[in-house]
Amino acid sequence: MNKNEMNTGTIRPSTLEHWDNIKNWLSRNLKGDVVIWVIVAILSLVSLLIVYSATGTLAYQRGGGYPEAFLLKHIFYTSMGLFVMWWVHRVNYTYFSRLSRAALLISIPLLILVKVAGVTINGATRWLAIPGTGFTVQPADFARLALIANLAAMLAKRQRVEYSWQVFGKMILWVGIICFFIALTSTSTAVLLGLSCFLMFYIGRVPGKYLMAMIVAIGLTGGLGLVAGQRLETAIGRIERFLDNDEYQAKQGFIAIANGGTFGQGLGNSHQRNYLTQAYSDFIYAIIIEEYGLVGGVFIMFLYAILLVRGVQNIGGTNRAFGGLLSAGLTLSIGLQAFTNMAVAVGAFPVTGQPLPLLSMGGTSVFFTCISVGIILSVSRGETDESTI
């Protein structure tokens, strides 16, 4: 900008055209709730910064000494996840009602296969190896997405039909089966999924007597899965250490939070990343507070709260019950997982092994979280197909 332009306060036409082109591109390609897009962008950026910081010690321990290797891996997963989110948000959300039952049927043998031939990572057998690729997937994330979509479809069809035990029994059967198989390898995931389904039923105006029956059924099936699975001793041990205030990871997380104070130690200045074995995943929120302080921790919590509100508000902004229930169910699942992770970091819950959505380093969790957000954005677009729900 030359002196004449500065004196007159004018802006070059080319600059205005440039910004107009950017705005037009964004409006054409990023549809749906703008607030959710902004939240996703902020969380993704913070994720890259904090994972880079938190994986420094991990890289050293594994002999490479190059945290950039883990950062590049995380950038790859995050980029793929964001691309999938963008692609999914352009799909009419009503198509997911057609796919949900098939996806649910596929998830059951995958969950069984994990129990039989799963890959053990960090002491938990929750993953399946993809032959010849070196990648692993966590079928529980796929099953959670499929169950929520299928429940949304079944509840939407019955919004104007009187409930009966026969109708409700089919829904509770699916919830019980999926929670049972997930509980075999991941107790916390099964509990959070059961709670998400219960809240979906409540939002879907299911009568109270059926809600009580659902609580009993989920408790029984989840408990049976816990006893029959591999996590009973781990779950008992974590609860005992939580009650006795004797959990090593939790203590290190407390120290990280105390070090952070109000404004934090600054990016890359975490000390507790040297002692937290899951600093880049389960306890990443403690590292965020250590480096960004209480202000940063509250800001991240605020972003998840806004995401939760915006996703649930889709119930009133869609023409079809399926869209609102689907958006609410997926948002509740993400929100419950996020607040559980943060509660563990501050000592309010026993250690669960739940990553922080969109922030923790991971592959399957990032991928399926992005799919879920993409569906939520698709619902927020408000486009429906008259031939479906």
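Residues numbered from 1 in each chain as written. Predicted model: local features only at pLDDT ≥ 70, side-chain atom pairs only at ≥ 80, totals over all residues. Heavy atoms only, no water.

1. Things to note about the sheet that holds strand β2 (residues 124-129)
For clarity, the cut-off: A pair of strands counts as paired when DSSP detects no fewer than two bridges linking them. Secondary structure elements follow DSSP: runs of H or I of four or more residues count as helices, runs of E of two or more count as strands, with numbering from the N terminus. Pairs of residues are marked as contacts when any of their non-hydrogen atoms sit within 4.5 Å. Axis definition: a line fitted to C-alpha atoms, limited for helices to the stretch in contact. Angles are taken between N-to-C directions and run from 0 to 180 degrees.
The sheet built from 3 strands is open, its strands ordered β1-β2-β3 with antiparallel pairing. The two strands at the open ends of the sheet, each matched to only one other strand, are β1 (119-121) and β3 (136-137). Pairing between β1 and β2: 3 bridges, direction antiparallel. Pairing of I121 across the sheet is with A124, part of β2. The strands touched by helix α6 (residues 95-117) within the sheet are β1 and β2, with β2 carrying the most contacts at an inclination of about 110°.

2. Quick look at the layout of surface pockets
The condition that has to hold: For each structure, a 1 Å grid was placed over the protein atoms alone; sets of points admitting a 1.4 Å probe that cannot get out are labelled cavities, open sets with protein on both sides within 12 Å along at least five of seven lines are labelled pockets, and lining residues have an atom within 4 Å of a point. Grid points are joined across faces, edges and corners, and a volume is the space filled by probe spheres set on the points. Note on residue categories: nonpolar means Ala, Val, Leu, Ile, Met, Phe, Trp, Tyr, Cys or Pro, charged means Asp, Glu, Lys or Arg, and polar means any other residue, Gly included.
Roughly 1400 Å³ of internal volume is contained in the largest pocket. Residue lining of the largest pocket: 49 residues in total, with W127, T136, G362, G363 and T364 positioned closest to the centre. For the lining of the largest pocket, the elements supplying multiple residues, two or more each, are α5 (67-89), β2, β3, α7 (139-157) and α15 (364-381). Taken together, the residues that form the lining of the largest pocket break down as 23 nonpolar, 18 polar and 8 charged. Lining the second largest pocket are 19 residues, and of these T187, S188, V191, V351 and T352 sit closest to its centre. When residues of the lining of the second largest pocket are traced back to their parent elements, those giving at least two are α9 (187-203) and α11 (232-243).

3. So, the environment of P109
The cut-off we apply is this: To sort residues, take the accessible area from a 1.4 Å probe on protein chains only and compare it with the maximum for the residue type: under 20% means buried, over 50% means exposed, and anything in between is partly exposed.
Looking at where P109 falls in the secondary structure, it is placed in helix α6. In this structure P109 comes out as partly exposed when scored by relative accessible area, which is 47%. Residues P109 and N274, spaced 165 residues apart in sequence, show a C-alpha to C-alpha distance of 39 Å.

4. Quick word on the side chain of T185
Of note, T185 is situated in the loop between α8 (165-183) and α9. Judged by relative accessible area, which is 6%, T185 ranks as buried. In this structure T185 touches V114, T125, R126, Q230 and R231, once residues within four positions along its chain are discounted.

5. Considering a nonpolar patch on the surface
Let me state the cut-off plainly: Patch construction takes residues with relative accessible area above 30% that form no salt bridge. Like charges are linked within 9 Å, and nonpolar side chains (Val, Leu, Ile, Met, Phe, Trp, Tyr) are linked within 5 Å. Areas reported as accessible are Shrake-Rupley estimates using a 1.4 Å probe. Residue values count occlusion only from the protein chains shown. Basic side-chain nitrogens of Lys or Arg form a salt bridge, by our definition, when they fall within 4 Å of a carboxyl oxygen of Asp or Glu.
Side chains of F76, M80, I130, F135 and V137 sit close together on the surface and give an oily, nonpolar patch of about 400 Å² of accessible area. Along the polypeptide, M80 turns up in helix α5. Owing to a relative accessible area of 39%, M80 belongs among the partly exposed residues under this scheme.

6. Re the confidence of the model for the protein
Detailed reading of the predicted coordinates is not advisable wherever pLDDT is low. As a reminder, the rule being used: In predicted models, pLDDT denotes the confidence assigned by the predictor to each residue on a 0 to 100 scale.
When the pLDDT values of the protein are averaged, the result is 85; 90% of them are 70 or greater. The element-level mean pLDDT for the protein is lowest in helix α1 (residues 3-8), coming to 49, with helix α14 (residues 321-345) highest at 94. Contacts from residues 384-389, a stretch scored under 50 in pLDDT, to residues over four places away or in other chains number 22 contacts.

7. Let's talk about the pattern of salt bridges
The tally for this structure, following the rule as stated, stands at 4 salt bridges. One salt bridge in this structure joins D246 and K251, with 3.6 Å as the shortest N-O distance. Overall, D246 belongs to the partly exposed group, its relative accessible area being 46%. In this structure K251 comes out as partly exposed when scored by relative accessible area, which is 36%.

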